[in-house]
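# Summary of structural features
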Amino acid sequence: MAEKTTKQFSDEFNIGEEIGNDTKVSFSKNVKYLIVGIFFGITFVKTEIISWFRIQEMFRFDSFHMYGVIGTAVVVGAISIFLIKKFNLKTLSGEAIELEPKQFDKGQIYGGLIFGFGWALTGACPGPLFALIGSGFSVIIITLLFAIFGTWVYGYFKDKLPH
Amino acid sequence: MIELIKQPWTWYAGGILIGLTVPLLLILGNKPFGISSSFRHICAACLPSHLNYFNYNWKKEVWNLFFVAGILLGGVIATVFLKDPHVIVIADNTKKFLEQHNVTDFANILPTDVFNWDELFSLRGFILICVGGFLVGFGTRYAGGCTSGHAITGLSNLQLPSLVATISFMVGGIIVTWFVLPFILNL
């Protein structure tokens, strides 16, 4: 049950009853995600998708680069998920692999537009913010803090916003 | 070999590696590839509040924080050990446009004449660094995901809501790039 809750994580999911649970954070169980993150961060930097200039080129239609990266990633991801489903692949610990379907709500339009506004200004989506800080652009720490603040403000007004 | 890695990677190499993150995280532990949820976990962990949106056991989602910490470390490694000695190549049209709008530094992956600590206190810098960040955090959580959760994982899983979200990201970005950014850059 506890394992299932983790998988079913979504914005709509109210997990309030679990407060007070003293789950321990295990470094050894999570270190594999740190390692995947490292390779992923290196890829972000070396493919230059963390570059403000690449994002400007994308939105100005002056370069194919970002479309190529995202398009290829989607094709590779889609083939992988297709194969996982077709062959019923399991996780390393033997669980069935599950991907929660996304539910449509108006947030995907309003929130999507708002994120797009921010993406064009900062030239970075959430992943690149972390990679940029690691690359030594220390002022991006402020961008990250404002992104976290933006998330908090969203949480504050969530029930009043159209969904 | 190391020389090859130091060059900027092609779009298809990057695309394949990023795409493979989706099955890798699923096989390692049934984790859906997504990054912006880390903002929510950081809020839940650091800013305890009565808000329902942040009242959940974030420790169960801690893998996501390890993942983003890894991305930051990856940035360190790529920059310290694998740095491309050449100046970034920028499309001519984009460069011309930016030059006409008071952007002068094209040596780094971002214009350091705009993104630096002193600029933070100018109107232009404040909008790009702070307001932009706020909109990224607010918008991604409102949309229920960002480029990774919607555009890559969602589209890979053929989710229509993710297509709607991805189109919205692009429309929002195009509107600001073409109609708002020219004014902000001239501030």
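Note that the structure is predicted; figures quoted are calculated from it, not measured.

### Looking at the overall build of chain B
- Each helix and strand in chain B was counted, giving eight helices and zero strands.
- Counting every position in chain B, which comprises 187 residues, the buried fraction comes to 51%.

### Points about the packing of helix α3 (residues 52-59) of chain A against helix α4 (residues 65-86) of chain A
Residue and element names in this part refer to chain A.
- Running from N to C, α3 and α4 cross one another at 90°; their axes reach a closest spacing of 8 Å. With respect to their mutual orientation, α3 and α4 come out roughly perpendicular. Only His65, Met66 and Tyr67 of α4 make contact with α3, whose side of the interface consists of Arg54, Ile55, Glu57 and Met58.
- Within the contact of α3 with α4, the residues separate by chemical class into four nonpolar, one polar and two charged.

### Examining α3 of chain A
Residues and elements named next belong to chain A.
- With eight of eight residues buried, α3 lies mostly within the body of the structure.
- When we look at burial in α3, the residues that qualify are Trp52, Phe53, Arg54, Ile55, Gln56, Glu57, Met58 and Phe59.
- Phi for phenylalanine 61, located one or two positions after α3, is positive at around 60°.

### What to know about unusual backbone geometry
- Notably, asparagine 88 of chain A is not glycine yet its phi reads approximately 50°, a positive angle.
- With respect to the helices and strands, asparagine 88 of chain A occurs in the loop between α4 and α5 (107-122).
- With a phi close to 65°, asparagine 102 of chain B is a non-glycine residue in the positive phi region.
- Asparagine 102 of chain B sits in the partly exposed class, given 13 other C-beta atoms within 10 Å.

### So, the interface of chain A and chain B
- Every contact between the two is made by 113 residues of chain A and, on the other side, 114 residues of chain B.
- Taken together, the residues of the side of chain A that touches chain B break down into 62 nonpolar, 38 polar and 13 charged.

### Examining the packing of helix α2 (residues 27-46) of chain A against helix α2 (residues 11-29) of chain B
- Following both chains from N to C, one finds α2 of chain A and α2 of chain B inclined at 170°, their axes separated by 10 Å at the closest point. One element, α2 of chain A, and the other, α2 of chain B, form an angle in the roughly antiparallel class. Where α2 of chain A approaches α2 of chain B, its residues Lys32, Val36, Phe40 and Thr43 of chain A are matched on the opposing element by Gly14, Leu17, Ile18, Thr21, Leu24, Leu25 and Leu28 of chain B.
- Here the residues of the contact of α2 of chain A with α2 of chain B sort into seven nonpolar, three polar and one charged.

### Concerning α5 of chain A
- With 16 residues, α5 of chain A should reach 22 Å at 1.5 Å per residue; the first-to-last C-alpha distance of 21 Å fits that figure.
- After α5 of chain A finishes, the residue glycine 123 of chain A shows a positive phi value of roughly 65°.

### Concerning the confidence of the model for chain B
- When pLDDT is averaged along chain B, the result is 94, and 100% of the positions lie at 70 or above.
- Here the predicted complex scores 0.91 on pTM and 0.95 on ipTM.

### Some remarks on the domain arrangement of chain B
All names here are of chain B.
- According to the domain assignment, chain B contains domain 1 (1-83) and domain 2 (88-187).
- Using C-alpha coordinates to define each centre, domain 1 is positioned 19 Å away from domain 2.
- Contact residues are listed per partner, giving nine residues for domain 1 and ten residues for domain 2.
- Broken down by secondary-structure element, the contributors of at least two residues to the side of domain 1 that touches domain 2 are α2 and α3 (37-46).
- Its residues assigned to classes, the side of domain 1 that touches domain 2 comprises six nonpolar, two polar and one charged.

Rules behind the numbers
- Residues numbered from 1 in each chain as written.
- Chains lettered and ligands numbered in written order.
- Predicted model: local features only at pLDDT ≥ 70, side-chain atom pairs only at ≥ 80, totals over all residues.
- Helix = DSSP H or I, 4+ residues; strand = E, 2+ residues; numbered from the N terminus.
- Buried ≥ 20, exposed ≤ 12 C-beta atoms within 10 Å, placed from the backbone.
- Axes fitted to C-alpha atoms, helices over the stretch in contact; angles between N-to-C directions.
- Parallel < 35°, antiparallel > 145°, perpendicular 65-115°, else oblique.
- Contact = placed C-beta atoms within 7 Å.
- Nonpolar A, V, L, I, M, F, W, Y, C, P; charged D, E, K, R; others polar.
- Expected span 1.5 Å × (residues − 1).
- pLDDT = per-residue confidence, 0-100.
- Domains from an automatic or database assignment.

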